[in-house]
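# Coordinates in review
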Amino acid sequence: MWQSLGRFILKYRLPLLLVLAALTGFMAWHASKVQLSYDFSRAIPVNNPKYKDYQEFRKKFGEDGNLLVIGIQTDKFFTEKIFNSYAALQRSLKKVSGVDDVIAVPSAINLVKVTETEKLRADTIFPERIMTQAEIDSASAIFLNLPFYQHLLYNPATKAWLMGVRINKDLMASKERIDIVNTINKMADDFGKANTLTVHQSGLPHIRTVLSIRIVKEMRMFILASIILSALILLLFFRSLSAMFLSLTVVMLGVIWSFATIEMLGYKISILNALIPPLIVVIGIPNCIYFLNKFHTAYNETGDKKKSLVMMVDRMGIVTLFCNLAAAIGFAVFALTQSQILKEFGYVAGINIIVLFFISLILIPAVLSFLPAPKTRHTKYLHNPGLNRWLDRLERWSLNHRKLIYSITLVIVAISIVGATKLKALGYIVDDLPKEDKIYTDLRFFETNFKGIMPLEIVVDTKKKYGVSRNLNNLERIDSLSQFLTAMPDIARPLSIVEGLKFAKQAFFDGDSNSYSMPSSFDLPALSQYLNFKGDSGNTKNSFAKLVSTFMDSAKQQARISVSMADIGSSRLPKLLDSISVRAEQLFPKDKYDVQLTGTSVTFLEGSRYILNGLKDSILWAFLFIALCMLYLFRSARILICSLIPNIIPLLITAGIMGWVGIPLKPSTVLVFSVALGIAIDVTIRFLVNYKQELPHNNYDMKKTVIETIHSTGISIIYTSLVLIAGFVIFCFSGFDGTKALGWLTSITLITATFTNLVLLPAILISFIKMKK
């Protein structure tokens with residue numbers, strides 16, 4: 001079959017090349033339209049209850065993750081130069097297109113009781129103009145007497161000051177957010193330079209935008225670096241510019257098709273599928289090496305270019321198909337998970353690895369048929385004395401030192417298993433960033449001074465209209481829950497309708513800060529007008545009113561408690577949420593109330609669970625499907641066992657290293673196992689297929705065939721392993737720790753897989769031969 005296919009490709013090479021060129025042009029057009037994803041909440045299935053709760057919350061109360069925060073630390077905040085500059089920054093930010101509101105000290109208001117009407121009036125504390133030092137001193141005295149703003153806009157103990165910039169929720173998922181965030185960042189940095197202050201910026205809009213920009217930059221860098229590195233290795237191996245350019249053409253077509261697939265499936269470039277184009281380069285080059293290696297070997301035997309090309313397709317077609325199929329399975333199993341972001345990665349990677357096989361199968365023999373026959377210098381690598389000496393040593397080890405090989409293997413496996421038991425699952429919302437990265441250090445600034453910025457939302461449904469505004473008992477319960485949250489070390493002071501009532505009570509008692517407390521049953525009727533803010537805040541003109549109006553729904557049946565918290569990680573977060581749920585259930589019995597914990601922190605935890613569970617399942621699916629492929633290919637349970645052992649051991653070693661070194665299980669590190677398995681099994685397939693093909697030529701002398709297979713496939717296996725390892729090492733230069741881990745852990749897995757397939761696999765085959773006898 002494959003021999004006939006080889007003749008067909010050579011006979012119709014020109015039409016096939018034209019069809020491939022036309023299809024690639026069409027795919028390039030689609031690739032040019034691919035967009036960047038700004039949605040970081042797609043780890044959870046859309047039918048998940050927590051996802052539905054979060055979407056319902058967003059619909060009712062608005063976006064919880066659209067606040068960008070700017071922080072400074074100074075004890076000279078209320079000096080004329082700094083304060084006026086800070087106020088000017090706030091006014092400038094309000095004018096930025098896409099900014100809905102800016103909450104900061106200069107826009108703070110004070111509630112003042114109007115004696116004539118016995119009602120409250122919201123007065124601006126700081127007028128919107130340049131103020132003198134005397135005016136600032138007078139206004140600041142009023143501001144600092146208002147407990148409402150403590151630990152929300154400033155920390156009196158550390159002299160840290162916070163400005164919140166709320167970005168339009170419709171622009172959060174569009175490319176316009178980049179310009180908005182960059183403009184805000186520049187204004188904030190200019191303020192810092194003008195006043196010699198360190199400006200800290202954080203919040204989900206800032207973090208996600210900066211990460212999105214880095215993803216694109218890294219993707220371009222990795223594609224370029226992998227192509228350059230592959231070109232150098234190919235030139236070093238084959239000493240042929242034509243072989244190098246042919247191989248690069250194959251992988252560049254693969255990259256174009258991968259971008260096009262992302263766009264045609266309706267996906268966008270995310271932090272995960274941005275890895276696919278450089279992975280296509282890394283996986284595609286071994287295809288080229290194996291095809292070229294077999295072509296050169298056949299040409300040395302026959303001296304006939306056309307016959308050699310047919311032999312190349314005949315011998316390597318089935319091998320490369322199953323190698324690519326195994327690699328595709330290693331990626332495609334992610335499509336079986338329930339996480340949308342993993343599904344996209346699985347579909348795109350799986351499809352394009354198979355597409356890469358067909359590109360290689362058509363392009364390489366067709367183009368080689370037009371090129372001159374290889375010269376002696378192009379095939380010189382086949383007789384590399386250094387590598388052949390190493391292969392001789394591998395042969396001796398496999399034949400004469402099998403017990404030693406098995407003993408060393410068992411010891412390493414035992415140590416690895418102990419290390420693997422130390423593995424722990426741990427992830428963070430802001431994950432995979434170096435500790436010295438500014439995003440990370442700025443986040444720690446806000447966690448130190450304001451206990452964090454990660455959104456957690458609690459919605460209390462009283463199940464009665466006006467159950468919040470006209471029921472003191474319910475308000476006291478909300479206050480009790482707020483006090484419980486305030487006492488927790490990783491949670492900032494909650495904001496709810498209760499805090500607004502306390503502020504109003506202070507105003508009714510002539511601004512006495514000692515009156516900032518929960519209103520009594522006698523105070524509440526007098527404050528009832530305060531609770532009449534409309535849900536859309538259309539009749540209000542100040543930031544305070546806009547802010548407070550979002551803490552009840554329009555029917556005043558549901559109350560929202562908004563909390564900012566530290567990014568404490570997926571290990572501690574469940575315990576914290578459980579403790580909050582227990583306290584909430586004590587205050588709000590389930591038969592009378594409905595309490596929901598939602599927000600970005602909750603969806604992150606749920607998403608992490610889905611991703612980790614999905615990745616663990618994907619490893620099992622990958623093993624199963626690859627085992628079925630191997631069973632179909634070799635039709636032998638004995639060969640199946642031989643093929644799986646050398647590939648399970650490298651994964652165990654990698655898991656052991658992670659456990660001993662303390663690398664946690666998280667999406668970026670669990671990804672290694674399925675990817676490495678799909679790629680490492682290639683070596684096994686190539687070795688065993690060659691063994692199966694050569695067995696009849698050696699009169700079914702198994703021992704002789706094993707020895708010959710070591711020498712005939714060893715050089716190409718070592719070369720392709722070097723290419724793969726070098727390709728993954730590129731990821732070690734990433735700015736994301738997760739991508740770095742993917743790089744060096746996969747490289748380690750591939751190194752150990754090369755040794756197990758060239759040392760352990762031949763030893764196992766020879767042992768099976770002896771057992772058979």
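In what follows, the structure referred to is the one given above.
Residues numbered from 1 in each chain as written. Predicted model: local features only at pLDDT ≥ 70, side-chain atom pairs only at ≥ 80, totals over all residues. Heavy atoms only, no water.

Let's shift gears to the overall build of the protein. Secondary structure summary: the protein contains 25 helices and ten strands in total. If one aligns the C-alpha atoms of the protein with their principal axes, the spans along those axes are about 110 × 50 × 45 Å. Buried residues in the protein amount to 59% of all 773 residues. Contacts spanning at least 24 positions in sequence make up 79% of the contacts within the protein whose residues lie at least 6 apart. Separation between the mean location of the 83 positive side-chain charges and that of the 57 negative ones in the protein comes to 11 Å. (Helix = DSSP H or I, 4+ residues; strand = E, 2+ residues; numbered from the N terminus. Buried < 20%, exposed > 50% of the residue type's maximum accessible area, 1.4 Å probe, protein only. Contact = heavy atoms within 4.5 Å. Lys, Arg positive; Asp, Glu negative; His and termini not counted. Charge placed at Lys NZ, Arg CZ, Asp CG, Glu CD.)

Of all hydrophobic cores here, the largest spans 253 residues; its most connected members are Phe143, Tyr149 and Ile685. Dropping the residues within four chain positions of it, Phe143 is found in contact with Phe78, Val105, Ala108, Ile125, Phe126, Tyr149, Tyr154 and Trp161. (Core = buried A, V, L, I, M, F, W, Y, C linked by side-chain atoms within 4.5 Å.)

Within a beta sheet, neighbouring strands are joined by backbone hydrogen bonds and run either parallel or antiparallel to one another. Spatial strand order, β9-β8-β10: three strands in an open sheet with antiparallel pairing. Strands at the two margins of the open sheet, each flanked by one partner only, are β9 (558–565) and β10 (594–598). Between one strand axis and the next, the sheet turns by 15° as a mean value, whatever way the strands run. Here strand β8 (residues 454–461) pairs with β10 via five bridges, running antiparallel. Residue pairing in the sheet places Ile458 in a bridge with Leu597 of β10. Contacting β8 and β9, helix α16 (residues 472–486) crosses the sheet at an angle of about 10° to β9. (Pairing = 2+ DSSP bridges. Axes fitted to C-alpha atoms, helices over the stretch in contact; angles between N-to-C directions.)

Glancing now at the packing of aromatic side chains. Scanning all chains against the criterion turns up 31 aromatic pairs. Each ring, one from Phe78 and one from Trp161, has its centre 5.3 Å from the other, and the planes form 85°; the classification is edge-to-face. You can see Phe78 sitting in the loop between β1 (67–73) and α4 (80–94) and its partner Trp161 sitting in strand β6 (residues 160–167), a full 83 residues away along the chain. Taking relative accessible area as the criterion, Trp161 reaches 5% and is therefore assigned buried. A centroid spacing of 5.5 Å and a plane angle of 50° characterise the contact between Phe334 and Phe345, whose relative ring orientation is tilted. Residue Phe334 is found in the loop between α11 (305–332) and α12 (340–370), and its partner Phe345 is found in helix α12; the two are separated by eleven residues along the sequence. A connected cluster of aromatic rings, assembled from ring pairs, spans Phe77, Phe78, Phe83, Tyr86, Phe126, Phe143, Phe148, Tyr149, Tyr154, Trp161, Phe191 and Phe503. For Arg13, the ring lying beneath its charged end belongs to Phe370, and the centroid distance is 4.1 Å. A cation over a ring is seen here: Arg560 above Phe551, with NZ or CZ 5.2 Å from the ring centre. (Phe/Tyr/Trp six-rings, centres within 6.5 Å; stacked < 30°, edge-to-face > 60°. Lys NZ or Arg CZ within 6 Å of the ring centre and 35° of its normal.)

Here the focus is empty space enclosed by the protein. This model, assessed by the stated rule, comprises six cavities of 30 Å³ or more. Approximately 100 Å³ is the volume found for the largest cavity. Lining the largest cavity are 13 residues, with Lys294, Met316, Arg686, Asn690 and Thr713 sitting closest to its centre. Secondary structure elements with two or more residues in the lining of the largest cavity: α10 (276–302), α11, α23 (667–694) and α24 (702–729). (1 Å grid on protein atoms, 1.4 Å probe; cavity = no way out; pocket = protein on both sides within 12 Å on 5 of 7 lines; lining within 4 Å. Points joined across faces, edges and corners; volume = space filled by probe spheres on them.)

Before going further, it helps to examine the packing of helix α9 (residues 241–264) against α12. For any two helices packed against each other, one specifies the inter-axial angle together with the distance between the axes. At a minimum axis distance of 9 Å, the contact between α9 and α12 shows a crossing angle of 145°. Here α9 runs over α12; the crossing is right-handed. For the pair α9 and α12, contact is made by Leu246, Thr249, Val250, Leu253, Gly254, Trp257, Ser258, Thr261 and Ile262 and by Val348, Ile351, Asn352, Val355, Leu356, Ile359, Ser360, Leu363, Ile364, Val367 and Leu368, respectively. Class assignment of the residues belonging to the contact of α9 with α12 gives a composition of 14 nonpolar, six polar and no charged. (Left-handed = near helix turned anticlockwise from the far one by under 90°. Nonpolar A, V, L, I, M, F, W, Y, C, P; charged D, E, K, R; others polar.)

To continue, consider the pattern of salt bridges. Summed over all chains, the structure comprises ten salt bridges. In this structure, Asp437 and Arg214 form a salt bridge, with 2.7 Å as the shortest nitrogen-oxygen distance. One end of the pair, Asp437, is in the loop between α14 (402–420) and α15 (438–450); the other, Arg214, is in helix α8 (residues 204–238), with 223 residues separating them in the sequence. Overall, Asp437 belongs to the buried group, its relative accessible area being 13%. Relative accessible area serves as the criterion here: at 26%, Arg214 is assigned to the partly exposed category. In this structure, the salt-bridge partner of Asp490 is Arg572, at a minimum N-O distance of 2.3 Å. Placement of Asp490 in the loop between α16 and α17 (497–508) and of Arg572 in the loop between β9 and α20 (573–587) is noted, with a sequence separation of 82 residues between them. Taking the relative accessible area as the measure of exposure, Asp490 reaches 17% and is therefore buried. Beyond isolated ion pairs, a larger network of salt bridges with shared partners links Asp479, Arg493, Glu499 and Lys502. (Salt bridge = Lys/Arg side-chain N within 4 Å of Asp/Glu carboxyl O.)

For Gln90, the position within the fold is in helix α4. With relative accessibility at 3%, the residue Gln90 sits in the buried group. In this structure the side chain of Gln90 is engaged in a polar contact, spanning 2.7 Å, whose partner is the side chain of Ser107. In contact with Gln90, not counting residues within four places along its chain, are Val102, Ile103, Ala104, Pro106, Ser107 and Met163. (Polar contact = N/O pair within 3.5 Å; in protein donor to acceptor, adjacent residues only side chain to side chain.)

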